[in-house]
Amino acid sequence: KKNINLIEKYIEFIFAQKNLAKNTVMSYENDLSEFAKFIGHNDFLDLNMTQFKKYVGYLSKNFSPSSHCRKLSSVKNFFLYLYDLKLINNTPMDSIDFPKLPKKIPKFLSESEVNHLIEKSYNDQSFKGLRTTLLIEILYATGLRVSELVSIRLGDISDDYTSIIIKGKGGKQRVVPLFGKVKIILKKYVNFLNQLKQPTKSLFLFPSNSKIGHLTRNRLFQILKNLGKKIHLDLKRISPHVLRHSFASHLLSRGVDLRIIQESLGHKDISTTQ
């Protein structure tokens, strides 16, 4: 019980202080609950090195290096917090090594593959078909994160359809410009949306009956996979995130400055973009 209370206090602290995205805070919470379960009845404030080493062993046996790293990092930050509060005298995490991560180059599709995908979506002229086209057109024209795309509100779109205000990670806002084809599709889609007899007007651009009231990330994933299947794309290579990488890679290959790409992607740090 005491351990759980410490976790709750920490989660409240990072939620208030660190300005992190809700998903990030949730993944910290899950990582720490998992750690608490592993530690069992032992008191967080009285752990020894052997117990940490056992946990590291458990991580390396059960998870990929990147998940192992993230889970370890969640625990490390939590113990630094306990140390800062002077609840523990030293942070046993200091002498624990993180696994070496293989440098993975992000996957992306070629320009002709993306174009093929978009063209295929135009075959379906129903409302759902139009929605699919718009989702891909926005993704590829702006490089938005999946969570940013599915939660766009109608009020975030400028009256002349030339830009969208995006609430990014940690509540940071940025204005993303729209031009050409995307603007036309967006206008057509919004008109279509207004004609639908909806019992309650949704605030979202992509409303759905899901708990959150808008299209879910998983549903977007499925929509893309289904479209990819139709043009015989290797389904391992397609996801909303891959389209974000494709957007960035194609801009780079056309000589667009990295700083502009950084701004479009909403990266806080240029090293992430690099």
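1. A look at the overall build of the protein
Helix and strand content of the protein: 12 helices and 2 strands. Element order for the protein, N to C, with α for helix and β for strand: α-α-α-α-α-α-α-β-β-α-α-α-α-α. Structurally, the protein occupies a C-alpha span of about 65 × 40 × 35 Å along its principal axes. Counting every position in the protein, which comprises 274 residues, the buried fraction comes to 41%. Counting contacts in the protein only where the partners sit at least 6 residues apart, residues at least 24 apart contribute 58% of the total. A total of about 16,300 Å² of accessible surface is found on the protein, and carbon and sulfur atoms cover 54% of it. For the protein, the distance from the average site of its 44 positive side-chain charges to the average site of its 23 negative ones is 5 Å.

2. Some remarks on the side chain of Glu 34
Tracing the sequence through the fold places Glu 34 in helix 2 (residues 22–39). Of the polar contacts made by the side chain of Glu 34, one reaches the side chain of Tyr 58; its length is 3.0 Å. Excluding anything up to four places from it in sequence, Glu 34 contacts Tyr 58, Phe 63 and Lys 71.

3. Re helix 4 (residues 65–84)
Between its first and last C-alpha, helix 4 extends 28 Å over 20 residues, near the 28 Å set by a 1.5 Å rise per residue. Those residues of helix 4 lying buried are His 68, Cys 69, Lys 71, Leu 72, Ser 74, Val 75, Phe 78, Phe 79, Tyr 81 and Leu 82. Residues of helix 4 that are buried in the fold lie against helix 1 (2–17), helix 2 and helix 3 (49–62).

4. Describing the packing of helix 5 (residues 111–121) against helix 9 (residues 217–230)
Helix 9 packs onto helix 5 with a crossing angle of 100 degrees between their chain directions and a minimal axis gap of 10 Å. As the angle between them shows, helix 5 and helix 9 are arranged roughly perpendicular. Along its contact with helix 5, which presents Leu 117, Lys 120 and Ser 121, the element helix 9 presents Leu 224, Leu 227, Gly 228 and Lys 230. A class-by-class count of the residues in the contact of helix 5 with helix 9 yields 3 nonpolar, 2 polar and 2 charged.

5. Topic: the side chain of Ser 202
Mapped onto the elements, Ser 202 comes out in the loop between helix 8 (181–195) and helix 9. The buried category is assigned to Ser 202, whose relative accessible area is 19%. For Ser 202, the side chain forms a polar contact with the main-chain nitrogen of Phe 204, separated by 3.0 Å. If we ignore the near neighbours within four places in the chain, the residues touching Ser 202 are Leu 154, Pro 207 and Gly 213.

6. Remarks on helix 8
Over its 15 residues, helix 8 extends 22 Å from the first C-alpha to the last, a length consistent with the 21 Å expected when each residue adds 1.5 Å. Among the residues of helix 8, those classed as buried are Val 182, Ile 185, Leu 186, Tyr 189, Val 190 and Leu 193. Viewed end-on, helix 8 has its buried residues packed into an arc of 135 degrees, placing them on one side of the element. Exposed residues on helix 8 whose side chains face more than 90 degrees from its buried face are Ile 184 and Gln 195. Against helix 6 (127–142) lie the buried residues of helix 8.

7. A look at the environment of Ile 157
Mapped onto the secondary structure, Ile 157 falls in the loop between helix 7 (146–150) and strand 1 (163–167). Between the C-alpha atoms of Ile 157 and Leu 205, which are 48 residues apart in sequence, the distance is 9.1 Å. For Ile 157, the residues in contact, after removing those within four places along its chain, are Ile 152, Ser 163, Ile 164, Leu 186 and Leu 205.

8. Focus on the nonpolar core
Counting 45 residues, the largest nonpolar core has Leu 149, Tyr 189, Leu 205 and Phe 206 as the members making the most contacts within it. The set of elements that each furnish at least two residues to this core consists of helix 5, helix 6, helix 7, strand 1, helix 8, helix 9, helix 10 (240–253) and helix 11 (258–265). No other element matches helix 6, which puts 8 residues into this core. Excluding its chain neighbours within four sequence positions, the residues that come into contact with Leu 149 are Leu 135, Ile 138, Leu 139, Leu 144, Phe 206 and Leu 220. Judged by nonpolar contacts, the second largest core, of 25 residues, contains Tyr 10, Phe 35, Phe 44 and Leu 72.

9. Focus: the environment of Lys 9
Considering the arrangement of structural elements, one finds Lys 9 in helix 1. The spacing of Lys 9 and Asn 90 is 81 residues in sequence and 20 Å in space, taken between C-alpha atoms.

About the thresholds
Residues numbered from 1 in each chain as written. Predicted model: local features only at pLDDT ≥ 70, side-chain atom pairs only at ≥ 80, totals over all residues. Heavy atoms only, no water. Helix = DSSP H or I, 4+ residues; strand = E, 2+ residues; numbered from the N terminus. Buried < 20%, exposed > 50% of the residue type's maximum accessible area, 1.4 Å probe, protein only. Contact = heavy atoms within 4.5 Å. Areas by Shrake-Rupley, 256 points an atom, 1.4 Å probe, with all protein chains shown as cover. Lys, Arg positive; Asp, Glu negative; His and termini not counted. Charge placed at Lys NZ, Arg CZ, Asp CG, Glu CD. Polar contact = N/O pair within 3.5 Å; in protein donor to acceptor, adjacent residues only side chain to side chain. Expected span 1.5 Å × (residues − 1). Axes fitted to C-alpha atoms, helices over the stretch in contact; angles between N-to-C directions. Parallel < 35°, antiparallel > 145°, perpendicular 65-115°, else oblique. Nonpolar A, V, L, I, M, F, W, Y, C, P; charged D, E, K, R; others polar. Arc of directions from axis to C-beta. Core = buried A, V, L, I, M, F, W, Y, C linked by side-chain atoms within 4.5 Å.

Remember, this is a structural readout, not a statement about activity or role.
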